[in-house]
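Observations on the model geometry
Read off the chains here:
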Amino acid sequence: MQKLEVRLRQIPIPELPVEERIRTFSEVALGYTEEQALAESSRCLQCSQPLCVELCPIHVDIPGFIRLIRLGDYEGAYKIIRRRNSLPSICGRVCPQEMLCAMGCKNTIGEPINIGALERFVADYGLRRGIRDLDTKPSTGKSVAVVGSGPAGLSVAAELARMGHHTVIFEALHEPGGVLVYGIPEFRLPKEIVKQEINYIMGLGVEVKTNIIIGRTLTIDDLFEDGFNAVFLGTGAGLPKLLNIPGENLCGVYSINEFLIRINLMKAYLFPYKSKTPIRVKGKVAVLGARGMDAARSAIRLGAEEVCIFYQRRIVGRKDDIRRGVEEGVKLQPLTKPIKIIGNEDGWVKAVELKRLKPINDTYPSLTPEPSLEFLYNAGTVIIANKHIPNTIAAMNTLKSIRITEREKTIIVNPETLEATDGVFAGGDVVSGASSVIKAIEAGRRAAQSIDRYLTGNL
């Protein structure tokens, strides 16, 4: 009976103990051992019509790679994943599988297969052993400029390189990776993993040029004049959107973008010994917005007295990461809306005034303020975790006629081809607004196919 129970239930992924992880930025989820991966893979029923593949945005052959894990052929499993996914070690860690492929798992005799943990096991195995599948076509003589080195840009670059097109990525920051390096904390996604995945893509022949802001250092028009035959815009949604409430300019108030960039990209948690970038977390921390779990967990590790996320409806994030955050001490306060941030005589934040909300009725989702239920939360640090805005500086500073939506500030593209204007394509968050890594990878794959047709005349 005990053996059957183990097979019915998902094999839990090992994690750092709570008391240890709140004192370090080391990765929390440790990954499967070989024994655990074999046990979890043995639970897969190998469905004849796998809905998990259909629900995966990039349609990885999930039963195929799991079957090879069961057989001990980890290299073969790795190559199956690589056919569709340019960033498998990253997706194994940050992809919200419970809302995608795992929803289609028809393992009716037990819990869904932990697809993400198995993908991570195989992908890490391949990276550690330097396994490469350099099946690239001969050079076409065509070249493509990719603006932005986040998941969309890396995905499109990898696909175009395999198709034989010379591809150059232009990155505004001093390190490639986009949101993977500035937006996701080390305890969820080690930057060494990101570096290894980027090195794999560069091994396909992709060039990466950093510290170049397309729209300032160079324009899209300059890229075409320099000989590029097409341009892909994958600049993401990395600009902050504030709440427009009083007190946002007080000292001790951060946008989530600044807070995470200082920590993730500039390594502020190592200040002053190994980083020159400081960050200050004082007393209680109020995180305003549903997208703030990464910032809240980071604040815990920086020594915050208490961290509370105030939001209206539901927290944005993977189920496991929300659970881990609560385990680490993050408090959740739904049905609340900030009214203003209050400062002291020295210009530093000391409190946030909030208002409680309630649903209008059981079926209508809109919220209305509760009368006379304003309250104060004393906080020495405030992090505004509102929705991010796409960065469209490249699209605005060009003679090309690229249209941008007025409200969301996203680039308008042909939904089938992802072409914004002649020879210029775009995908990922800069088109969809803030979304997931896997959706950006999917956009990159689609854009690469359209760019290939554009360059070869096979329209």
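Residues numbered from 1 in each chain as written. Predicted model: local features only at pLDDT ≥ 70, side-chain atom pairs only at ≥ 80, totals over all residues. Heavy atoms only, no water.

**Here's the deal with the packing of helix α6 (residues 74–82) against helix α8 (residues 115–128)**
At a minimum axis separation of 9 Å, α6 and α8 run at an interaxial angle of 105°. One finds that α6 runs roughly perpendicular with respect to α8. Residue-level contacts link Tyr74, Glu75, Ala77, Tyr78, Ile81 and Arg82 of α6 to Glu119, Phe121, Val122, Ala123, Tyr125, Gly126 and Leu127 of α8. Considering only residue class, the contact of α6 with α8 consists of nine nonpolar, one polar and three charged. (Axes fitted to C-alpha atoms, helices over the stretch in contact; angles between N-to-C directions. Helix = DSSP H or I, 4+ residues; strand = E, 2+ residues; numbered from the N terminus. Parallel < 35°, antiparallel > 145°, perpendicular 65-115°, else oblique. Contact = heavy atoms within 4.5 Å. Nonpolar A, V, L, I, M, F, W, Y, C, P; charged D, E, K, R; others polar.)

**Focus: unusual backbone geometry**
A cis amide bond links phenylalanine 271 with the next residue in sequence, proline 272, at an omega value of 5°. Within the fold, proline 272 resides in the loop between α13 (256–265) and β6 (284–288). For glutamine 46, which is not a glycine, the phi torsion comes out positive at approximately 55°. Structurally, glutamine 46 is set in the loop between α3 (34–41) and α4 (51–55). Not every positive phi belongs to a glycine, and leucine 418 is a case in point at roughly 60°. Within the secondary structure, leucine 418 sits in the loop between α16 (393–396) and β13 (419–421). A relative accessible area of 5% places leucine 418 in the buried class. (Buried < 20%, exposed > 50% of the residue type's maximum accessible area, 1.4 Å probe, protein only.)

**Some points on the sheet that holds strand β1 (residues 143–147)**
Pairing is mixed in the open sheet, where six strands are placed in the order β3-β2-β1-β4-β14-β13. The sheet is open, and its two borders are formed by β3 (207–209) and β13, each paired with just one other strand. Across the sheet, the mean angle separating the axes of adjacent strands is 25° when strand polarity is ignored. The pairing of β1 with strand β4 (residues 230–233) spans four bridges and is parallel. When the sheet's bridge partners are listed, valine 146 is paired in β4 with phenylalanine 232. (Pairing = 2+ DSSP bridges.)

**Remarks on the pairing of strand β12 (residues 381–384)**
Here β12 shows two buried faces, one formed by Thr381 and Ile383 and the other by Val382 and Ile384. Strand direction decides the pairing type here: strand β5 (residues 253–255) and β12, joined by three bridges, are parallel. Counterpart to valine 253 in the pairing with β12 is valine 382. Inspection of the sheet shows β6 paired to β12 by four bridges, in the parallel sense. The residue of β12 that forms the bridge with valine 287 is isoleucine 383.

**Description of the environment of glycine 343**
Within the secondary structure, glycine 343 is located in strand β9 (residues 336–343). Classification of glycine 343 as partly exposed rests on a relative accessible area of 26%. Between the C-alpha atom of glycine 343 and that of arginine 9, which follows or precedes it by 334 residues, the distance is 51 Å. In this structure, glycine 343 is in contact with Leu250, Trp348, Val349 and Lys350, ignoring residues within four places of it in sequence.

Treat this as a map of the structure, not an account of what it does.
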